[in-house]
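Examining the three-dimensional arrangement
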Amino acid sequence: MITLTSDFGSPYPAAMKGVIRRHTNAEMIDVAHDLPRGDPRAAAFWLRFVLPEFPPAVHCAVVDPGVGTDRDALVVRAGAHVLVAPDNGLAMPPARALAPDESDVEVWTIAVDEPASETFHGRDVFAPTAARVRTALDDDLAAPNGAPDADAVAETLAAMDDLTPASDPVDIRFPEPTVERDGAGDVVAVDGEVLAIDRFGNVITNVPGELVRGRDWIRVDGDLTPVAETFGAVDPGERLVTVGSHGYVECDVNDGRGDGAFDLRPGDSVRFVPDSVSV
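Remember, it's a predicted structure, so these values are computed and weren't measured experimentally.

Quick look at the overall build of the protein now. For the protein, the helix and strand inventory stands at 6 helices and 15 strands. Viewed in the frame of its principal axes, the protein has a C-alpha envelope of about 65 × 40 × 35 Å. Within the protein, buried positions represent 51% of all 279 residues. Sequence-distant contacts in the protein: of pairs separated by 6 or more residues, those separated by 24 or more amount to 65%. Carbon and sulfur atoms make up 47% of the accessible area of the protein, which totals about 13100 Å². Taking the average location of the 22 positive side-chain charges in the protein and that of its 49 negative ones, the two points are 4 Å from each other.

This is the structure:
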């Protein structure tokens, strides 16, 4: 299996699929091609969330604002999964999510000949590499008992002539929230950051859901807001704080856009204070 992810929209992914199909009959699955344009951080967040749902596969992910520059192209092994991506950090968070342990992540640099285009490495570098890796791994992604064989994947990649170990790949690390507690250990404030905004306008923060679960109200940047398990718990157009399927706190609006209602964008700071705390 090969998954494909990009910010290309249409029709560019079709060209990538054509290149892959010339080299392998592997199943191809589109993850998304409408990720925020030129934003590796957003791509890293969504891939970290989505890719662990897949069985071991080759994941070709291209959000590449540095296309045509001297940035490297990478193959990253994460357990029995393999990511093929530009060296801009987007591959590393999903790799850590896919690997059973961070020590089970290995990174190689792809030896790139002069590509046909300086602006479409998705077609000319990453798609053919994904196809070559998939072909090389045909017998290695699953052991005889059906369990993923990460060691066999590692050996196969290490033997590929166009891959050399990467010395210092670019990484993306998402920030951790700052949690303030009182003398009894109770949370009195959480300072977080907006990681992403989905197509519905839901504002996804880096604050773990357990910090708001069980509460009825919470202040978001000073404004008292209901905490709810579902959108339908508040009237249409009303703001709410909830925990998304990814496990993080969201600032949302039932049948509306949370980014507008809370005036938040990716990278913005956001402060949560329990309603029981005097302000």
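Within the secondary structure, T109 is located in strand β6 (residues 105–110). Remark: the alpha-carbon pair of T109 and P128, spanning 19 residues in sequence, is separated by 15 Å. Residue contacts for T109: discarding those within four places in its chain leaves D72, A73, L74, D162, L163, T164, P165 and A166.

Right, let's get into the packing of aromatic side chains. Taken as a whole and assessed by the stated rule, the structure comprises 6 aromatic pairs. Relative to W46, the ring of F45 has its centre 4.9 Å away and its plane inclined at 75°; by these criteria the two rings are edge-to-face. Residue F45 shares its accessibility class with W46, and that shared class is buried. Both rings, one in F45 and one in F174, keep their centres 6.3 Å apart while their planes meet at 90°; by these two values the pair is edge-to-face. Of the two residues, F45 sits in helix α2 (residues 40–50) while F174 sits in the loop between β7 (163–165) and β8 (178–181), which places them 129 residues apart along the sequence. In this structure, F45 and F174 share a single accessibility class: buried. Ring pairing ties together the aromatic residues F45, W46, F49 and F174, which thus form one cluster. For the cation-ring pair, R199 lies above F200, with the distance from its terminal atom to the ring centre recorded as 5.4 Å.

Across the sheet, 7 strands lie side by side as β2-β1-β3-β5-β4-β6-β7; this open sheet has mixed pairing. Each edge of the sheet is formed by a strand with only one pairing partner; in this case those strands are β2 (28–32) and β7. Pairs of neighbouring strands in the sheet enclose a mean axial angle of 25°, with direction left out of account. Packed onto the sheet, helix α5 (residues 150–158) meets β4 (73–78), β5 (81–86), β6 and β7 and runs at close to 155° relative to β4.

Next up on the list: the side chain of D198. Looking at where D198 falls in the secondary structure, it is placed in the loop between β9 (187–197) and β10 (203–208). No salt bridge is formed by the buried D198; the nearest opposite charge belongs to R257, separated by 6.3 Å. Polar side-chain contacts of D198 include one of 2.9 Å to the backbone nitrogen of F200. In contact with D198, not counting residues within four places along its chain, are W46 and R257.

Before going further, it helps to examine the pairing of β8. Where β8 lies against β9, 4 bridges are found, and the strand directions are antiparallel. Across the sheet, the residue bridging to R181 is V187, located in β9. In this antiparallel pair of consecutive strands, β8 and β9, the connection spans 5 residues, and G185 shows a positive phi of 90°.

Where charged atoms from two side chains of opposite charge approach closely, those side chains can pair. Tallied over the entire structure, the rule returns 15 salt bridges. Put simply, D104 and R77 hold a salt bridge, and the shortest N to O gap is 2.9 Å. Linking D104 in the loop between α3 (92–98) and β6 with R77 in strand β4, this pair joins segments that are 27 residues apart in sequence. For the residue pair D104 and R77, the accessibility class agrees, reading buried in each case. If you follow the salt bridges from partner to partner, you end up with R96, E102, D171 and R173 in one network.

Conventions and cut-offs
Residues numbered from 1 in each chain as written. Predicted model: local features only at pLDDT ≥ 70, side-chain atom pairs only at ≥ 80, totals over all residues. Heavy atoms only, no water. Helix = DSSP H or I, 4+ residues; strand = E, 2+ residues; numbered from the N terminus. Buried < 20%, exposed > 50% of the residue type's maximum accessible area, 1.4 Å probe, protein only. Contact = heavy atoms within 4.5 Å. Areas by Shrake-Rupley, 256 points an atom, 1.4 Å probe, with all protein chains shown as cover. Lys, Arg positive; Asp, Glu negative; His and termini not counted. Charge placed at Lys NZ, Arg CZ, Asp CG, Glu CD. Phe/Tyr/Trp six-rings, centres within 6.5 Å; stacked < 30°, edge-to-face > 60°. Lys NZ or Arg CZ within 6 Å of the ring centre and 35° of its normal. Pairing = 2+ DSSP bridges. Axes fitted to C-alpha atoms, helices over the stretch in contact; angles between N-to-C directions. Salt bridge = Lys/Arg side-chain N within 4 Å of Asp/Glu carboxyl O. Polar contact = N/O pair within 3.5 Å; in protein donor to acceptor, adjacent residues only side chain to side chain.

These results come straight from atomic positions and should not be treated as a statement about function.
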